[in-house]
Amino acid sequence: MKAIEIRNKYLKFFENHGHKVIPSAPVIPENDPSVLFTTAGMQPLVPYLLGEKHPAGTRLTDFQKCVRTNDIDEVGDNRHLTYFEMLGNWSLGDYFKEESIAMSYEFLTKELQIPNEKLSVTCFAGDEDCDRDNVAFEAWKKAGIPEERIYFFGKDDNWWIAGEEGPCGPDTEMFYDTGKEKCSPECNPSCGCGKYVEIWNNVFMEFYKDKNGYSKLKQQNVDTGLGLERMAMLLQGKKTPFEIELFAPVMEKLVNLQKVDLIQSRRIVAEHLRSSMMIIEDGGRPSNVDRGYILRRLLRRMTRHLNKLEIDLSVLPEIIDVSIDSLKELYPELDANRDIIKTVIIEEKDKFVKTLQNGEKEFEKVANRAKNAGKKVIETEAVFNLYETYGFPPEMTEELAKEQGLEVDMSDYQRLFAEHQAKSRMGSEQKFKGGLASTGEVETKYHTATHLLNAALKVVLGEHVHQKGSNITADRMRFDFSHGAKMTDEEKQKTEDLVNEYISQNIPVEKLEMKKEEAIELGAEAMFLDKYGDIVTVYKIGDVSLELCGGPHVKSTGELGHFKIKKEEASSAGVRRIKAILE
Ligand code: SER
């Protein structure tokens, strides 16, 4: 079964079971630059899992485009992907364990025709925070899974939370038995030997965890996630996702172009290319910070492995075409943005080629220093520095060193590399946490302030002003907007005064739900109109502001205190940036 058929069956099935199909959020989270990427279907739904009313109701389903880059260095093996599609269904305080499990079982066995014998499941074993999940156990038995294929594990396996803080709960996971021999008599679904492959995860989200521990949420939710590529791989009887129709054509193209046969490199090229295209399509651009840096790393790693395959980089556009053609049924937006995707990737590739040249110059210096000092070895730190600063891969350093009769000392490289990785991993985990946790009181005030600022800028500078981005922390707000020129001191003062005027009027902030067309007709502001569903949430602040937005917001503007612009500067061509605080 092709991936597109699995996706269609999934959405139809849950639609038939009373769920509303909602659109995928972009891989770059909307209005929330504090989170690197969308990593799970639940991420854009956090406010609703916490109890806010979703305009589409209490039963939702979607496919979500996800990027997870913590394991970027594992890509190339037979399973890791940095981009994947997650199919999901949600109950927002609607059905709970029994119904969720019954639907999952029906979907797997009736719609996907997976034989019962192929399925094993795991449930939460219980601990001091939460009871053993006997309800899930009984529901699986009732559905038809025999007791010997129902396993119980603790928090390490059967508890789900994104990061350190947020909505969470015990989960039940479904596994597909690949038919491989058990690796030992104890072999079970938590074993990583490859016999059992996890296919679906239903989280029974009724807790919230913060630094004080666990508390109960207002409602009992279900959050499920099924990895599309993995399911397609299993149903097609393939051993790796690189053999399914989403990757096979580009893998074959690489075989035809390569001069050196390296399967890992082909996988890395195919995978990183797809991931990069999805990020670029949703507005990402290579840079040296945050998401831009991740995109840069993906594209550089891809280029490096094209080099390893000894594929002439001038054929990159052809490779991109093959990849888009095999993905366009799932993502027509890739086809529609083919040119821009190519431009971004090729520009970055060209930059990297230059970097590699600079790296070679640096290498010469390092090599000469070693030789002049009468050494035959290039030290680990220098090898690592070439990698970290110039993106210069150690194997290339080694190769060049050999040509000059030198050796490289790699003894400590792994340690340096692991340290570096741990640092960047910590960075991205904090980002994720930051995003989910950023619904505190202060952030909420700043969020409302962005709406007022947007409105004030329109009055002071003109109707051409639109929001281009925002970033909120507990200490300040940043707001990017379209405007061609530097603001004068007078304009800044007027804007600040106007926002404070709105605050002093203590205008109520109303949350409305309406059809998307109606919102457009009323002239509501929206940053990504085509990314929203049919029914949208609109925040109205008197006659001052009307914006499509997921919230949260304060009840009335008087809560904000005093607004002060700290800085106005260029952000990018035609886009200005204001940094402001509430005091
Ligand atoms: N949040 C869960 C996961 O990512 C289920 O959607 O697996």
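Provided above is the structure to which this section pertains.
Quick summary incoming for the structure in this document. The model shown is predicted, which means the values in this text are computed figures rather than measured ones.

Conventions used here
Residues numbered from 1 in each chain as written. Predicted model: local features only at pLDDT ≥ 70, side-chain atom pairs only at ≥ 80, totals over all residues. Heavy atoms only, no water. Helix = DSSP H or I, 4+ residues; strand = E, 2+ residues; numbered from the N terminus. Rg over C-alpha atoms; globule rule 2.2 N^0.38 Å. Buried < 20%, exposed > 50% of the residue type's maximum accessible area, 1.4 Å probe, protein only. Contact = heavy atoms within 4.5 Å. Phe/Tyr/Trp six-rings, centres within 6.5 Å; stacked < 30°, edge-to-face > 60°. Axes fitted to C-alpha atoms, helices over the stretch in contact; angles between N-to-C directions. Parallel < 35°, antiparallel > 145°, perpendicular 65-115°, else oblique. Left-handed = near helix turned anticlockwise from the far one by under 90°. Nonpolar A, V, L, I, M, F, W, Y, C, P; charged D, E, K, R; others polar. Core = buried A, V, L, I, M, F, W, Y, C linked by side-chain atoms within 4.5 Å. Salt bridge = Lys/Arg side-chain N within 4 Å of Asp/Glu carboxyl O. Near = heavy atom within 4 Å. Polar contact = N/O pair within 3.5 Å; in protein donor to acceptor, adjacent residues only side chain to side chain. Areas by Shrake-Rupley, 256 points an atom, 1.4 Å probe, with all protein chains shown as cover. Patch = residues over 30% accessible without salt bridge, like charges linked within 9 Å, V, L, I, M, F, W, Y side chains within 5 Å. Lys, Arg positive; Asp, Glu negative; His and termini not counted. Charge placed at Lys NZ, Arg CZ, Asp CG, Glu CD.

1. Regarding the overall build of the protein chain
Here comes step 1: When helices and strands are counted, the protein chain shows 18 helices and 18 strands.
Here comes step 2: Relative to a compact globule of 583 residues, whose C-alpha radius of gyration would be 25 Å, the protein chain shows 26 Å and is just as compact.
Here comes step 3: Taking the principal axes of the C-alpha coordinates as reference, the protein chain spans close to 75 × 65 × 45 Å.
Here comes step 4: Within the protein chain, the proportion of its 583 residues that are buried is 53%.
Here comes step 5: If you take every contact in the protein chain between residues at least 6 apart in sequence, the share linking residues at least 24 apart comes to 70%.

2. Thoughts on the packing of aromatic side chains
Here comes step 1: Tallied over the entire structure, the rule returns 20 aromatic pairs.
Here comes step 2: An angle of 85° between the planes, with centres 5.0 Å apart, marks the rings of F13 and F14 as edge-to-face. A single burial state applies to F13 and to F14, both of which are buried.
Here comes step 3: Here the aromatic rings of W159 and F207 are separated by 5.7 Å at their centres, their planes lie at 40°, and the arrangement is tilted. Separated by 48 residues along the polypeptide, W159 in strand β6 (residues 159-161) and F207 in strand β8 (residues 196-210) bring together distant segments of the chain. Across the pair, exposure class does not vary: W159 and F207 are buried alike.
Here comes step 4: Chaining the aromatic ring pairs together yields one cluster made of Y10, F13, F14, F107 and W200.

3. Digging into the packing of helix α7 (residues 248-257) against helix α8 (residues 263-281)
Here comes step 1: Contact pair α7 / α8: the axes reach a minimum separation of 10 Å and the direction vectors enclose 130°. Classified by the interaxial angle, the pair formed by α7 and α8 is oblique. Crossing hand, α7 versus α8: right-handed. For the pair α7 and α8, contact is made by V250, M251, L254 and V255 and by R266, R267, V269 and A270, respectively.
Here comes step 2: Taken together, the residues of the contact of α7 with α8 break down into 6 nonpolar, no polar and 2 charged.

4. Some thoughts on the nonpolar core
Here comes step 1: L108, W140, I199, W200, M277, L306 and I345 are the most contacted members of the largest nonpolar core, which totals 85 residues.
Here comes step 2: The residues touching L108, leaving out its near neighbours within four places in the chain, are Q113, I114, L119, M174, I199, W200 and M231.
Here comes step 3: One finds A449, F479, V499 and I507 within the second-largest nonpolar core, a separate group that totals 30 residues.

5. Quick word on the pattern of salt bridges
Here comes step 1: Enumeration over the complete set of coordinates arrives at 38 salt bridges.
Here comes step 2: A salt bridge links D129 to K155; its shortest N-O distance comes to 2.5 Å. Of the two residues, D129 sits in the loop between β4 (119-124) and α4 (134-143) while K155 sits in helix α5 (residues 155-158), which places them 26 residues apart along the sequence.
Here comes step 3: Among the ionic pairs, K141 bridges to E147, the shortest N-O distance being 3.2 Å.

6. Details of the site of the ligand
Here comes step 1: Every residue near the ligand is listed here: A40, M42, R68, M86, W160, N201, V203, D223, T224 and G225.
Here comes step 2: Here G225 contributes a backbone N or O atom positioned 3.2 Å from an oxygen atom of the ligand.
Here comes step 3: Alone, the ligand offers 230 Å² of accessible surface; in the complex the protein occludes 94% of this.
Here comes step 4: Listed by contribution, the elements that provide at least two residues to the shell around the ligand are β8 and β9 (213-227).
Here comes step 5: No other element matches the 3 residues that β9 contributes to the shell around the ligand.
Here comes step 6: Residue composition of the shell around the ligand, by class: 5 nonpolar, 3 polar and 2 charged.

7. Describing a negative patch on the surface
Here comes step 1: The grouping of E310, E398, E399 and E403 at the surface amounts to a negative patch.
Here comes step 2: Take E398: it is sitting in helix α14 (residues 394-403).
Here comes step 3: Using a relative accessible area of 35% as the deciding quantity, one classes E398 as partly exposed.

8. A look at the side chain of H19
Here comes step 1: Note on placement: H19 falls in the loop between α1 (3-16) and β1 (20-21).
Here comes step 2: Engagement of the side chain of H19 in a polar contact is seen with the backbone oxygen of H17, the distance being 3.1 Å.
Here comes step 3: A distance of 2.7 Å separates a polar atom in the side chain of H19 from a polar atom in the side chain of Y95.
Here comes step 4: Contacts of H19, omitting those with residues within four sequence positions, involve F14, R59, L60, T61, N89, W90, Y95 and M103.

9. Examining the side chain of E525
Here comes step 1: Tracing the chain through its elements places E525 in the loop between α18 (516-521) and β15 (535-541).
Here comes step 2: In this structure E525 comes out as buried when scored by relative accessible area, which is 12%.
Here comes step 3: At 3.1 Å, the side chain of E525 forms a polar contact with the side chain of H466.
Here comes step 4: Filtering out sequence-adjacent residues up to four positions away, E525 remains in contact with N454, K458, V465, H466, Q467, L546, E547 and L548.

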